[in-house]
Amino acid sequence: MAARTTDDTERRRGRGRGRWPSGRRGSGRGLRPLLAAVTALCALGLVTGCSALGSSLRLVWEAPVDNGARNYGNGAWLVGETLVRSRYDAVGAFDARTGKVRWEYAPPGQEHICAVSRRTAGSVLLIARGNVMNEGCSTVAALDLMSGRERWHTPRTPGGNLTETFTDMVAVGGGVAVLRDADEMWTLDDDLWTPDSRPAVSGTKALRAFDLRTGAPRWTAAVPEDCVPEQVAAGERQVVAVLACGRTELRLAAFDPAGGGLRWTASLGGRTAPAPDGQVALLSAEPPVVQNGGTTEGGQGAFLLFGEDGKAAGRIETTGGYGTIQAHAPALVTVADGRLYAGAEIRERKSYQDRVVAFDLASGSQVWLENVAVAGGLRALDVTGGRVTVLADRGSRQDSLDELVVLDAATGEEKESIDTGSDVDGHKGELAGVRVYEDLVVAVRWGSGVRPFSAYTRD
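Residues numbered from 1 in each chain as written. Predicted model: local features only at pLDDT ≥ 70, side-chain atom pairs only at ≥ 80, totals over all residues. Heavy atoms only, no water.

A. Looking closely at the overall build of the protein. If you tally the helices and strands in the protein, you get 2 helices and 35 strands. Relative to its full complement of 459 residues, the protein shows a buried share of 53%. Contacts in the protein between residues at least 24 apart in sequence constitute 45% of all its contacts with a sequence separation of at least 6. As displayed, the protein has an accessible area near 20000 Å², and 49% of this comes from carbon and sulfur atoms. (Helix = DSSP H or I, 4+ residues; strand = E, 2+ residues; numbered from the N terminus. Buried < 20%, exposed > 50% of the residue type's maximum accessible area, 1.4 Å probe, protein only. Contact = heavy atoms within 4.5 Å. Areas by Shrake-Rupley, 256 points an atom, 1.4 Å probe, with all protein chains shown as cover.)

Structure (structure tokens):
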């Protein structure tokens, strides 16, 4: 697909403002029925390459402002007709169409929500909670997203300040809820252990699964000797975990979701320190995708791809002919339908461009790319229903107003482009993501003093 420059964008904008070539503004009387028909066809997806003439995004509803924030316990999900958001002190649900609050859950006593599962399954979200400053993240609970009530909860062995990390502590999939126990003492050399300071739980017993519906214990995974699970993800056909082995080697392991048996392991390389360093992210269980490095802006890294048998399927560098993938921004990287979609930045001639790039997860090869903004203009992307929805600032105006761009997920062809008429993230908080529900585009945020959801529709 041909790259589009800033000049191309400027010219295309000029065609959508109701101006004649002479610069005079037309009355638009004869165009209005035609524009209405074209807009309707665009919305139905019956016309490609649509620039929605005269359209903008209109705010439909917003969630109340969140006060106070932590850097843990945050998440957002669209489950049927319900938008769910979590933070350290509560999980709340909203009607996706109207914004009406459906329920709110708060952990008991002085507990915080430490971690949440990346995905939901069977209308269940798995959370880990506890008194973070004292005993730690000591309980895992299954939260029913239809009612906001706990279906069940079970104790968890928490870690301490040395190694405890909340990333991918819990996961759901394949009819099971999976948790990883932790203990800070496993990182110490054997000769530093005293009889009363050995780990409370062995790493080989630290990955456990429960029936998602009832909470009944199902299995303890067959984690290899001298290994400890650091992150876990679950799919319908397998559970995968990042393991720290021999204190400095990282491996990816897959387990049978029915019985916890070890299927395979694959090396992810080593690291200089035994404690988690935030450089590895487990993005998907099916197919297995691990981000190694690139978690800081401009940092080098790669996405490591594996087949269902554990064999390496490919490697996507964060920097290549497509530019530099914004791997440090979770809102700009997603795995869907056998592909990795990511925002990237590249210098072309005398300017920088932001673009969306799609990669095939079976081989790591680039499928397509499309320029969508000037550098720094990408806000967030979502892949739903065969379409990539992007919020971006194309930088052709000085008003910092954003633009909604819709691309075909299979080909990258632009389907729609709308000036939102608003600065979606500027005065309401930086975007953590975007969700698409029917004709609504929902901006997702977390932080203190921001609205977690703002729902927009085409006007």
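B. Main features of the state of the cysteines. Per the stated rule, a full pass over the model turns up 2 disulfides. Each sulfur of the disulfide joining Cys114 and Cys137 lies 2.1 Å from the other. Handedness here is read from the sign of the S-S torsion; for Cys114 and Cys137, about 125°, the answer is right-handed. Remark: Cys137 occurs in strand 9 (residues 136-144) and Cys114 occurs in strand 7 (residues 112-116); sequence separation between them is 23 residues. Taking the relative accessible area as the measure of exposure, Cys114 reaches 1% and is therefore buried. (Disulfide = S-S within 2.5 Å.)

C. Structural context of the packing of aromatic side chains. Counting across every chain of the model gives 8 aromatic pairs. Ring geometry for Trp152 against Phe210: centres 5.9 Å apart, planes inclined by 35°, an arrangement best described as tilted. Residue Trp152 is found in strand 10 (residues 150-155), and its partner Phe210 is found in strand 13 (residues 207-211); the two are separated by 58 residues along the sequence. Residues Trp152 and Phe210 agree in their burial class; the two are buried. (Phe/Tyr/Trp six-rings, centres within 6.5 Å; stacked < 30°, edge-to-face > 60°.)

D. Highlighting the environment of Gly259. Positionally, Gly259 belongs in the loop between strand 17 (249-255) and strand 18 (262-270). Residue classification places Gly259 among the partly exposed residues on the basis of a relative accessible area of 43%. It is 5.9 Å that separates the C-alpha atoms of Gly259 and Trp219, two residues lying 40 residues apart in sequence.

E. Up close: the sheet that holds strand 14 (residues 217-220). The antiparallel open sheet is built from 4 strands, whose spatial order is 11-12-13-14. With partners counted over all chains shown, the strands left at the sheet margins are strand 11 (170-173) and strand 14, one partner each. Here the strands of the sheet are splayed against their neighbours by 20° on average, with no regard to which way each runs. (Pairing = 2+ DSSP bridges. Axes fitted to C-alpha atoms, helices over the stretch in contact; angles between N-to-C directions.)

F. Representation of the confidence of the model for the protein. Looking at the protein, the pLDDT average stands at 83 and 79% of residues meet or exceed 70. This stretch, residues 43-49, has a pLDDT under 50; its non-local contacts, to residues over four places away or in other chains, come to 10 contacts. (pLDDT = per-residue confidence, 0-100.)

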